[in-house]
Amino acid sequence: MKNSEKFNRIRPLKIWEILQRETDEDHPMGTEELRAYLMACGIEAHRTTIYNDMKLLNECGYEVLTHRGRSNQYYVMDRKFSNPEIHILMDAVQAASFITEKKTAELVDKIAQLAGSQKGLVLKKNIVRFNTVKSSNERIYYNVDEIVTAINNRQKIIFLYFDYDHNHNRVYRKDGHHYVVSPFATVFDSGHYYLVIYDKRFNKMTNYRIDRMDKVEIIEEQADLPPKELAFDIATYKKSLFGMFSGETTAVTIQMHRSLIDAVFDLFGEKTKMISCGDDTVRFTADVQVSPLFFGWCCSFGEKLKVLGPEPIIEQLKAYTDTVKSRYEET
């Protein structure tokens, strides 16, 4: 087959590729400019052949719009994501602390390209740089890939887990020995990315920060599945956590001033049922994984919030406040 015949066959698809990448409703492309793009790819095209190619593309479901005139101008308007959706995705990537600076720049660039090159440039110019402390773990992508594959295949994974010391050096937990776990789901919370696992030994769910995991590998061992009473909806599970600190899930009743309603809705969801107490206070009950972070949240509102029960949680909260108070009474 001659090269000219090959080019004639791929020319319509090449035109679609160019228009999808370079045009939108505000940046149409004229016939001569389109011909120049095609020539740069080694493809010759005349005005009449381009007109026929546009007709063929539209007949086959590839919608190309036209501003008609002495020289027609063509553009592609249909995008999988709208500009606001793309902007939200770009902001989310920037705000995610588990994504490194290098990967953030790469991801933002790829997301911007979903809008086409013209609008993508505008979107990138309008980005507000977040003052987010970014992770330095460049293996985060590989970790996620292994974790997702393991979850889909119901296999266990093995990894090292570390913290940082005051000199920014990694300090591996368990004296550098591997963790072997049954991955269940991934959860994004407060800028961090977590792996939720089922621990069969203690029959409970727990969490690990994915950016603190190293040398993640899938092993040839079937993952343990949680029993039905522990299987949960991720959104519901996440609401009960405070900063992804695991604890015993307890139905806690709280009374608070009406001014805190928005803060509670932000945390537990707008469907949280509340009962008016007849004055400026309301009462609600929510499932909470009780932890020091939960107690700190309660104390942050001072006299505007009070835990009403159950009694063991009240006693734990008192002990927590006594411990904090004693730290400032030491001489």
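In this text the structure is predicted, and so the values were computed from the model without any measurement.

Glancing now at the sheet that holds strand β11 (residues 274-276). Ordered by their spatial adjacency, four strands build an open sheet running β11-β12-β10-β13, and the pairing between neighbours is antiparallel. Where the open sheet ends on each side, the last strands, each with one partner, are β11 and β13 (305-309). Between one strand and the next, the sheet's axes are offset by a mean angle of 30°, whatever the strand orientation. Alignment of β11 against strand β12 (residues 281-289), held across three bridges, turns out to be antiparallel. Within β12, the position partnered with Met274 by the bridge is Phe284.

Before going further, it helps to examine the side chain of Gln155. Residue position: Gln155 is located in strand β4 (residues 155-164). Note on Gln155: relative accessible area 12%, which makes it buried. When neighbours within four sequence positions are excluded, Gln155 is seen to be in contact with Ala150, Pro183, Ile218, Ile219, Glu220, Glu221, Gln222 and Ala223.

A separate point is the sheet that holds strand β3 (residues 73-75). If you walk across this open sheet you meet the three strands as β1-β3-β2, and the pairing is antiparallel. Each edge of the open sheet is held by one strand with a lone partner, namely β1 (29-30) and β2 (65-67). Sheet topology note: the β2/β3 ladder contains three bridges and is antiparallel. Bridge pairing in β3 links Thr66 to Tyr74.

In a regular helix each residue adds 1.5 Å, so 13 residues correspond to 18 Å; helix α3 (residues 47-59) covers 19 Å between its end C-alpha atoms and thus fits that length. Taken residue by residue, α3 has Ile50, Asp53, Met54 and Leu57 as its buried positions. Summarising the axial view, the buried residues of α3 lie within an arc of 100°, below the 170-degree limit, and thus occupy one face. Exposed residues on α3 whose side chains face more than 90 degrees from its buried face are Thr48 and Glu59.

The subject of this paragraph is the environment of Leu34. Here Leu34 shows up in helix α2 (residues 31-40). The class of Leu34 is buried, set by a relative accessible area of 0%. If we skip the residues at most four places from it in the chain, Leu34 touches Ile15, Ile18, Met29, Ile50 and Met54.

The subject of this paragraph is the pairing of strand β10 (residues 249-257). Where β10 meets β12, nine bridges bridge the pair, whose relative direction is antiparallel. Bridging from a neighbouring strand, Thr253 pairs with Thr285 of β12. Looking at chain direction, β10 and β13 are connected through four bridges and run antiparallel. When the bridges of β13 are listed, Met256 appears paired with Leu305.

Moving on, we come to unusual backbone geometry. Cis geometry is found at the peptide bond from Gly309 to Pro310, where omega equals 5°. Here Pro310 lies in the loop between β13 and α11 (311-327). A positive phi is found at Arg154, a non-glycine position, where the angle reads about 55°. By the element assignment, Arg154 lies in the loop between α7 (140-153) and β4. In this structure, Asn203 takes a positive phi of about 50° despite not being glycine.

Parameters at a glance
Residues numbered from 1 in each chain as written. Predicted model: local features only at pLDDT ≥ 70, side-chain atom pairs only at ≥ 80, totals over all residues. Heavy atoms only, no water. Pairing = 2+ DSSP bridges. Helix = DSSP H or I, 4+ residues; strand = E, 2+ residues; numbered from the N terminus. Axes fitted to C-alpha atoms, helices over the stretch in contact; angles between N-to-C directions. Buried < 20%, exposed > 50% of the residue type's maximum accessible area, 1.4 Å probe, protein only. Contact = heavy atoms within 4.5 Å. Expected span 1.5 Å × (residues − 1). Arc of directions from axis to C-beta.

No statement about biological role is implied by the geometric values presented.
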